[in-house]
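Next come the chains, spelled out residue by residue.
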Amino acid sequence: MNKLWFLLLIVFSLPAFSASSETQQAPPKTNLATTSTADHSTFESLHQEFDYAPDVTEACLECHTEASKQMQETFHWNWAKKVDGIMVGKAKNAFNNYCVSARGNQSCTQCHTGYGWRNDDFELDAPENVDCLVCHDTTGTYKKSAASSGHPYYEDQMLSGKLQKAVDLAFVAQNVGKPDRDNCLACHALGGGGNGVKHGDTDLSLIDPSFGLDVHMSSEKLDFACQDCHTTNDHKISGRYNDRKAFIDHELNMGREDRMGNNVSCESCHSATPHDNREIDNHTAKVACTSCHIPEMARGPYLTKLSWDWSTAGDLKEGKPYVIDAEFDGVEHHAYMSKKGTFTWGKNVVPEYRWYKGELEQMTFQDTFDPSMAPIDINPPTGTYDDPEARIWPFKIHQGKQPFDTQNNKMLPIKLYGRKGSGAFWTEFDWDKALVAGAKLNQLDFSGDYAFIETLGYWPIKHMVAPAEQSVRCSECHSTDSRLNGLNDFYLVGRDRNAFVEWFGAIAIWGGLAGVGLHLMIRLISIRRRKAQADKEFGE
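Numbers given for residues are sequential positions, taken from 1 along each chain in its written order. Reporting of local features is limited, given that this is a predicted model, to residues whose pLDDT is at least 70; pairs of side-chain atoms are given and counted only at 80 or more, and all residues count toward the totals for whole chains, interfaces and linings. Hydrogens are left out, water is left out, and the side-chain values use all remaining heavy atoms of the structure.

S.K.: Before we move on, can you summarise the overall build of the protein chain with the specific residues and values?
M.R.: Only DSSP runs of H or I reaching four residues or more are called helices, and only runs of E reaching two or more are called strands; each is numbered from the N terminus. Counting its regular elements, the protein chain contains 13 helices and 15 strands. The rule is simple: take the accessible area with a 1.4 Å probe, protein chains only, and divide by the maximum for that residue type; under 20% is buried, over 50% is exposed, in between is partly exposed. For the protein chain, the residues scored as buried account for 47% of the 540 residues in total.

What follows is the structure in structure tokens.
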């Protein structure tokens with residue numbers, strides 16, 4: 001019965017609703033001045049020759065005495081949280097269908113907020129291991145090295161034919177400030193191996209987006225920093241983590257202290273009824289704001305990766321790895337790499353839609369699965385039509401093909417980065433060695449038998465909010481060619497057929513017309529009778 005009420009709500013809402021390259025780096029910043037109560041360039045402790053980055057952290061902690069302690073309590077530091085009794089995250093058990101596992105890929109440490117996380121010997125509780133500069137650099141010159149597990153470049157190096165100069169640690173330390181978009185996007189836009197690869201709604205275009213690309217972050221109007229939505233408290237940044245929902249409720253809660261650093265939602269500022277139009281606002285009971293206000297992902301100048309097939313990786317020409325480039329919508333990209341396999345890319349891509357209540361079910365290396373059920377959902381969103389907390393939400397669903405243990409029916413990590421003799425795939429291009437080494441690094445049993453299986457990875461779309469006039473039109477959902485054709489657990493007007501509903505509608509329409517006709521006939525008969533009565537009385 002609740003579905004029928006929702007159907008009727010949508011029916012009466014319709015009229016009003018219709019009114020409504022692989023690796024890039026962020027460019028260096030030009031504004032070194034940051035509004036603050038302290039000028040770090042005057043601190044004597046920072047005026048020295050730093051040849052080791054942890055020494056900078058120790059200098060920072062002379063004043064910011066609690067910073068490391070706070071940082072080491074966050075997900076940005078630990079890269080894992082306990083979920084149902086098991087640690088889940090980049091650091092342990094969890095995986096995706098991009099580079100699969102952070103363990104075995106030192107490249108990931110270029111974004112970790114620490115120095116030297118190479119293996120289990122890393123001291124997670126050592127305060128000097130915290131990297132203050134990766135988030136607080138305002139110069140744009142601070143770069144971290146994969147070869148040194150997240151330490152900055154201490155010497156000049158040639159990388160892919162380009163000179164990476166050694167980082168001047170004193171200069172960076174004297175020019176620290178509040179994190180801005182450059183700091184956040186240097187990692188979150190480049191995750192998965194390049195600009196726009198992982199997130200369909202987060203790439204380097206958000207450093208300075210046009211109003212048409214993102215109404216919140218554009219300098220043309222609101223000019224939001226990331227922290228305006230992702231509020232922070234004690235270095236804890238709001239958002240969805242493995243142990244925490246992206247949002248808790250759908251009520252206006254801007255300014256409530258208990259939300260600082262805990263969650264973020266559109267309703268935090270706008271409430272669930274922002275349109276001043278009852279028919280449109282009724283949709284928010286089941287439809288997320290982002291479903292209407294982010295019509296496409298990767299709407300800027302960059303592509304996003306849509307599929308990654310590891311099974312084709314390892315092919316060599318004359319014993320050497322090679323790359324095949326292609327072009328999509330005027331943008332060049334890698335279509336094949338010996339190191340990684342085959343890719344497909346997209347731009348201005350319509351998202352796919354799923355029920356979502358802010359949680360993703362993260363599959364781990366400990367979980368078994370039935371290979372006959374491929375493609376395997378490795379982190380599906382939670383929620384159904386009947387769940388009052390769930391909303392229809394847009395997703396990038398990334399298609400992968402990755403290795404698994406054919407005897408244990410478990411996913412396998414890959415050791416990618418390392419020296420010759422370590423089994424690293426990017427060095428030796430030997431799947432057997434890379435999978436044995438990857439399993440050992442992740443403390444997994446590996447039978448030695450493997451194959452590749454198709455997987456699906458889910459990434460919620462929440463950035464690149466378009467202007468209201470570009471929002472999704474009614475007909476894009478309420479039609480046979482609906483955006484919501486992946487959701488079939490409820491009746492959608494204009495898309496679905498239901499005998500009861502259609503008979504009910506037909507009876508209501510024809511019954512109404514019949515009532516009007518009957519009323520007209522009664523009126524005509526009544527008029528004639530009154531006229532006849534009047535003629536009779538007048539004749540007498």
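S.K.: Outline helix H2 (residues 53–60), listing residues and values.
M.R.: Extensive coverage of H2 is indicated by the burial of six of its eight residues. Among all positions in H2, only Ala 53, Pro 54, Val 56, Thr 57, Ala 59 and Cys 60 are buried. Throughout, a contact is declared for two residues whenever any of their heavy atoms are within 4.5 Å. Of the surrounding elements, those touching the buried residues of H2 are helix H3 (67–71), helix H5 (133–136) and helix H6 (169–173).

S.K.: Any chance you could break down the side chain of Thr 364 for me, citing the residues and the numbers?
M.R.: By the element assignment, Thr 364 lies in the loop between strand S11 (352–356) and strand S12 (376–377). Any pair of N or O atoms that falls within 3.5 Å is considered a polar contact. Within protein, one atom must be able to donate a hydrogen and the other to accept it, and sequence-neighbouring residues count only if both atoms are side-chain atoms. At 3.1 Å, the side chain of Thr 364 and the backbone nitrogen of Gln 366 are in polar contact. With residues near it in sequence (within four places) discarded, Thr 364 still touches Ile 86, Val 88, Asn 93 and Phe 95.

S.K.: Before we move on, could you go through the state of the cysteines and cite the residues and values that matter?
M.R.: Covalent bonding between the sulfur atoms of two cysteines is what defines a disulfide. Only a pair of cysteine sulfur atoms within 2.5 Å qualifies as a disulfide here. What the rule picks out here adds up to one disulfide. A disulfide bridge connects Cys 111 with Cys 187, and the sulfur atoms are separated by 2.4 Å. Between Cys 111 and Cys 187, the S-S torsion sits near -110°, and that sign places the bridge as left-handed. In this pair, Cys 111 sits in the loop between strand S2 (86–88) and H5 while Cys 187 sits in helix H7 (residues 181–188), placing the two residues 76 residues apart along the sequence. Counting only cysteine sulfurs, Cys 132 is the nearest neighbor of Cys 60, a cysteine outside any disulfide, at a range of 4.1 Å.

S.K.: Run through the nonpolar core, naming residues and quoting values.
M.R.: Membership of the largest hydrophobic core comes to 34 residues, with the highest contact counts inside it found for Trp 310, Met 411, Ile 414 and Phe 425. For this core, the secondary structure elements donating two or more residues are strand S9 (331–337), strand S10 (341–346), helix H11 (425–428), helix H12 (431–441) and strand S15 (450–460). Counting residues per element, this core draws most heavily on H12, at four residues. Listed in part, the 17 residues of the second largest apolar core include Phe 50, Ala 53, Val 167 and Ala 173. Each nonpolar core is a collection of buried residues, namely Ala, Val, Leu, Ile, Met, Phe, Trp, Tyr and Cys, held together in the definition by side-chain atoms within 4.5 Å.

S.K.: Describe in detail the pattern of salt bridges, supporting the description with residues and values.
M.R.: Criterion for a salt bridge: a side-chain nitrogen of Lys or Arg within 4 Å of a carboxyl oxygen of Asp or Glu. According to the stated counting rule, one finds twelve salt bridges in the structure shown. Among the salt bridges present, the one from Arg 181 reaches Asp 223, with a minimum N-O distance of 2.8 Å. Placement of the pair is Arg 181 in helix H7 and Asp 223 in the loop between H7 and strand S5 (232–233), with a sequence separation of 42 residues. Under the relative-accessibility criterion, Asp 223 is labelled partly exposed at 42%. A salt bridge links Arg 354 to Glu 352; its shortest N-O distance comes to 3.8 Å. By relative accessible area, Glu 352 is classed as partly exposed at 37%.

S.K.: Go over the environment of Ala 298 with me, naming the residues and quoting the values.
M.R.: Tracing the sequence through the fold places Ala 298 in the loop between helix H10 (289–293) and strand S7 (304–309). Distance in space between the C-alpha atoms of Ala 298 and Gly 200 is 5.4 Å, their sequence separation being 98 residues. Look past the residues within four positions of Ala 298 in its chain and what remains in contact with it is Gly 200, Thr 304, Gly 346, Lys 347, Asn 348 and Met 464.

S.K.: Got a sec to walk through the pairing of S9? Specific residues and values, please.
M.R.: Among the seven residues that make up S9, five are buried, leaving the element largely enclosed by the rest of the structure. A pair of strands is treated as paired once DSSP finds two or more bridges between them. Here strand S8 (residues 323–328) pairs with S9 via six bridges, running antiparallel. Bridge pairing links Glu 327 to Glu 332 in S9. In this antiparallel pair of consecutive strands, S8 and S9, the connection spans two residues, and Asp 329 shows a positive phi of 55°. Here two bridges tie S9 to S10, and the two strands are oriented antiparallel to one another. Pairing of Tyr 336 across the sheet is with Thr 342, part of S10. Connecting the antiparallel pair S9 and S10 is a turn made up of three residues.

S.K.: Can you explain H7? Please cite residues and give values.
M.R.: Inspection of H7 places Arg 181, Asp 182, Asn 183, Leu 185 and Cys 187 among the buried residues, and these make up the whole buried set. Buried residues along H7 sit against H5. The N-cap of H7, judged by a side-chain oxygen 3.1 Å from the amide nitrogen of Asp 182 a few residues on, is Asp 180.

S.K.: Provide a residue-level description of unusual backbone geometry, including the pertinent values.
M.R.: Of note, the bond from Ala 374 into Pro 375 is cis; its omega dihedral lies within 30 degrees of zero at 0°. Mapping Pro 375 onto the fold places it in the loop between S11 and S12. Within the chain, Asp 329 stands out as a residue other than glycine whose phi angle is a positive 55°. Of note, Asp 329 is situated in the loop between S8 and S9. For Phe 429, which is not a glycine, the phi torsion comes out positive at approximately 55°. Locating Phe 429 in the fold gives a position in the loop between H11 and H12. We classify Phe 429 as buried; its relative accessible area is 16%.

S.K.: Describe the packing of aromatic side chains, with residues and values.
M.R.: Only centres within 6.5 Å qualify two rings of Phe, Tyr or Trp (six-membered ring in Trp) as a pair; their planes then separate them into stacked at under 30 degrees, edge-to-face at over 60, and tilted for everything else. The tally for this structure, following the rule as stated, stands at 23 aromatic pairs. Each ring, one from Phe 343 and one from Trp 345, has its centre 6.3 Å from the other, and the planes form 75°; the classification is edge-to-face. Of the two residues, Phe 343 and Trp 345, neither departs from the other in class, the shared state being buried. Ring geometry for Tyr 356 against Trp 393: centres 5.4 Å apart, planes inclined by 70°, an arrangement best described as edge-to-face. Of the two residues, Tyr 356 is situated in strand S11 and Trp 393 in strand S13 (residues 391–405); the sequence distance between them amounts to 37 residues. Judged by its relative accessible area of 1%, Tyr 356 falls in the buried class. With relative accessibility at 9%, the residue Trp 393 sits in the buried group. Taken together, Tyr 98, Trp 308, Trp 310, Phe 343, Trp 345, Phe 425, Phe 429, Trp 431, Tyr 450, Phe 452 and Trp 459 form an aromatic cluster joined through their ring pairs. One cation-aromatic arrangement involves Lys 339 over Trp 426; the distance from NZ or CZ to the ring centre is 4.6 Å. Look at NZ for Lys and CZ for Arg. If either is within 6 Å of the ring centre and within 35 degrees of the ring normal, a charge sits over the ring.

Without other data, these values stay purely geometric and don't point to any function.
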